[in-house]
Amino acid sequence: MSKPFEFLFRVRYGECDAQGVVFNARYGDYTDLAVTEYLRAAIGSYQELVRLGYETQVVRLLTEWKAPARYDDVLCATVEPTHFGNTSFTLTIAFTNLASGQVIATSQATYVLVDAKEFTKQIIPAEIKSALLEGAVGKQINQAG
């Protein structure tokens, strides 16, 4: 099996709550950051998708928490496509603590491909599906410093 796309980043102080752990709502931000970097690795950038006449809209986001992440932890988000429909696709993101390997959280984000001007659903073209399936495999973006 191929190594999935990885996005490494460091938890910042302002992302933590009064309990000293990453505030739950931040995982939506983390998912968005990881997917943005995944799209950059797979197709060049989100702007490239727009240039092709498409955008994506989130229609479902599910996050399950397993363990806390704390300030200055380095997290590794792996992103993998796990489902394709006619107009939608689902990416599964696993967040792990890089030092310990412990799974912190998992997210499933489902997107609908839409026309960049009218925002109407579009059938996913074969070249975009192929890029999402194969374009980011084995790549890593490291923003952890």
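A brief structural summary. Worth saying up front: this structure is predicted, and the values here are computed from it rather than measured.

### A closer look at the sheet that holds strand 3 (residues 74-84)
Turning to step 1, where the next piece is worked out: One open sheet holds the six strands; their spatial order is 2-5-4-3-1-6, and the pairing between them is mixed. Strands with a single pairing partner mark the edges of an open sheet, and in this sheet they are strand 2 (54-65) and strand 6 (140-143). With strand direction ignored, the average angle separating the axes of adjacent strands in the sheet is 20 degrees.
Turning to step 2, where the next piece is worked out: Each of strand 2, strand 3 and strand 4 (88-97) is contacted by helix 3 (residues 126-134), which is oriented at about 140 degrees to strand 3, the strand it contacts most.

### Focus on the nonpolar core
Turning to step 1, where the next piece is worked out: Judged by nonpolar contacts, the single largest core of 37 residues is most densely connected at Tyr27, Tyr30, Leu91, Ile93, Phe95 and Ile104.
Turning to step 2, where the next piece is worked out: For this core, the secondary-structure elements that each account for two or more residues are strand 1 (5-10), helix 1 (26-43), strand 3, strand 4, strand 5 (103-115) and helix 3.
Turning to step 3, where the next piece is worked out: Setting aside residues up to four positions removed in sequence, Leu91 forms contacts with Val35, Tyr38, Val79, Glu80, Pro81, Thr82, Ser107, Gln108, Ala109 and Tyr111.

### Things to note about helix 3
Turning to step 1, where the next piece is worked out: Every buried residue of helix 3 is accounted for by Ile128, Ala131 and Leu132. All buried residues of helix 3 fall inside an arc of 95 degrees around its axis, so they share one side. Set apart from the buried face of helix 3 by more than 90 degrees, the exposed residues are Ala126, Glu127 and Glu134.
Turning to step 2, where the next piece is worked out: The secondary structure elements touched by the buried residues of helix 3 are helix 1, helix 2 (46-51), strand 2, strand 3 and strand 4.

### Some points on the pattern of salt bridges
Turning to step 1, where the next piece is worked out: One pass over the full model with this rule turns up seven salt bridges.
Turning to step 2, where the next piece is worked out: With a closest N to O distance of 2.6 Å, Arg12 and Glu15 form a salt bridge.
Turning to step 3, where the next piece is worked out: A salt bridge links Arg26 to Asp29, with the shortest nitrogen-to-oxygen separation between them at 3.1 Å. Placement of both Arg26 and Asp29 in helix 1 is noted, with a separation of three residues, approximately one turn of the helix.
Turning to step 4, where the next piece is worked out: The exposure class assigned to Asp29 is partly exposed, which follows from its relative accessible area of 37%.

### So, the side chain of Glu37
Turning to step 1, where the next piece is worked out: By secondary structure assignment, the location of Glu37 is in helix 1.
Turning to step 2, where the next piece is worked out: A distance of 3.5 Å separates polar atoms of two side chains, one belonging to Glu37 and the other to Gln143.
Turning to step 3, where the next piece is worked out: The contacts of Glu37, once residues within four sequence positions are left out, are Phe5, Phe7, Ile141 and Gln143.

### Notes on the environment of Thr120
Turning to step 1, where the next piece is worked out: By the secondary structure assignment, Thr120 is in the loop between strand 5 and helix 3.
Turning to step 2, where the next piece is worked out: Since its relative accessible area comes to 40%, Thr120 is described here as partly exposed.
Turning to step 3, where the next piece is worked out: C-alpha separation for the pair Thr120 and Glu55, spaced 65 residues apart in sequence, amounts to 9.8 Å.
Turning to step 4, where the next piece is worked out: Apart from the residues lying within four places of it in its own chain, the contact partners of Thr120 are Leu113, Val114 and Asp115.
Turning to step 5, where the next piece is worked out: Looking at Thr120, its side chain comes within polar contact range of the side chain of Gln122, at 3.2 Å.

Basis of the calculations
Residues numbered from 1 in each chain as written. Predicted model: local features only at pLDDT ≥ 70, side-chain atom pairs only at ≥ 80, totals over all residues. Heavy atoms only, no water. Pairing = 2+ DSSP bridges. Helix = DSSP H or I, 4+ residues; strand = E, 2+ residues; numbered from the N terminus. Axes fitted to C-alpha atoms, helices over the stretch in contact; angles between N-to-C directions. Contact = heavy atoms within 4.5 Å. Core = buried A, V, L, I, M, F, W, Y, C linked by side-chain atoms within 4.5 Å. Buried < 20%, exposed > 50% of the residue type's maximum accessible area, 1.4 Å probe, protein only. Arc of directions from axis to C-beta. Salt bridge = Lys/Arg side-chain N within 4 Å of Asp/Glu carboxyl O. Polar contact = N/O pair within 3.5 Å; in protein donor to acceptor, adjacent residues only side chain to side chain.

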